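# Analysis of the macromolecular model
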Amino acid sequence: MRSSKVLLVTLATVVVLGACSDSDGDATSTPEVTPATPEATADAPTSETAAVSIEAEAHEWDYTPDAWTVTAGEAFSIEFINDGGVEHDWTVLKLDEDIEKAAEFEESMVLLEVEEVPGQESRTEAFTIDEPGTYQVICTISGHFNSGMAGTLTVE
Ligand SMILES: [Cu+2]
């Protein structure tokens, strides 16, 4: 009994010592391997999320720019920057749902939207529109469309 315990302790010591000298030997090669992995994984999400990025800056009472173009069936990301002092949104209406005054607007006309962003804040979202066409973009916050917050999203 006693002699086998001693043997076990001795074996464990050899394993620990062996592990120590092993990791010391690998120490020089480990840093070379590590940087390659983050680079490889960083590339993958970028190509997945959106090939095209557009930007819309909101002010009282317009967007800059007020016309954007994206590709049908391909994801795009929209960076919506509210440079104004009150909340604004960026709402794309369904094809052929163009309105001429805010009173015509109904929630059922909405294809997609970057919902209300407070003044001096921004948000980036990604969308995909499959059907080519010319889509009307409006700010749905009361009074804003009538004051001129509208634009055009061309999907081609
Ligand atoms: Cu607005």
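Quick note: structure is the one above.
Residues numbered from 1 in each chain as written. Predicted model: local features only at pLDDT ≥ 70, side-chain atom pairs only at ≥ 80, totals over all residues.

A few words on the overall build of the protein. The number of helices and strands found in the protein is three helices and nine strands. Put simply, the protein runs from its N terminus to its C terminus through helices and strands in the order α-α-α-β-β-β-β-β-β-β-β-β. Here the analysis covers contacts within the protein between residues at least 6 apart in sequence; of these, 71% occur between residues at least 24 apart. (Helix = DSSP H or I, 4+ residues; strand = E, 2+ residues; numbered from the N terminus. Contact = placed C-beta atoms within 7 Å.)

Moving on, we get to the nonpolar core. Soluble globular proteins: nonpolar side chains tend toward being buried together. One finds Phe 80, Val 137, Ile 138 and Leu 153 to be the most contacted residues of the largest nonpolar core, which totals 23 residues. When residues of this core are traced back to their parent elements, those giving at least two are strand E1 (52–59), strand E3 (67–70), strand E4 (76–82), strand E5 (88–93), strand E8 (133–138) and strand E9 (150–155). Looking at which element gives the most residues to this core, the answer is E4, with four residues. In contact with Leu 153, not counting residues within four places along its chain, are Trp 68, Val 70, Val 92, Tyr 135 and Val 137. (Core = buried A, V, L, I, M, F, W, Y, C linked by C-beta atoms within 7 Å. Buried ≥ 20, exposed ≤ 12 C-beta atoms within 10 Å, placed from the backbone.)

This paragraph deals with the environment of Pro 118. Tracing the sequence through the fold places Pro 118 in the loop between strand E6 (110–117) and strand E7 (122–127). C-beta crowding within 10 Å serves as the criterion here: with 13 such atoms nearby, Pro 118 is assigned to the partly exposed category. Taking the C-alpha atoms as reference, Pro 118 lies 9.2 Å from Asp 83; in sequence the two are 35 residues apart. For Pro 118, the contacting residues outside a window of four places in its chain are Asn 82 and Glu 87.

An order of E2-E1-E4-E7 is seen for the four strands of this open sheet, with the pairing classed as mixed. Both outer strands of the open sheet, strand E2 (62–64) and E7, are each paired with one neighbouring strand and no more. Across this sheet, the average inter-strand angle for adjacent strands is 25°, counted without regard to direction. For E1 and E2, the ladder comprises three bridges, and the chain directions are antiparallel. Bridging from a neighbouring strand, Ala 58 pairs with Tyr 63 of E2. (Pairing = 2+ DSSP bridges. Axes fitted to C-alpha atoms, helices over the stretch in contact; angles between N-to-C directions.)

Keep in mind these values describe shape, not function.
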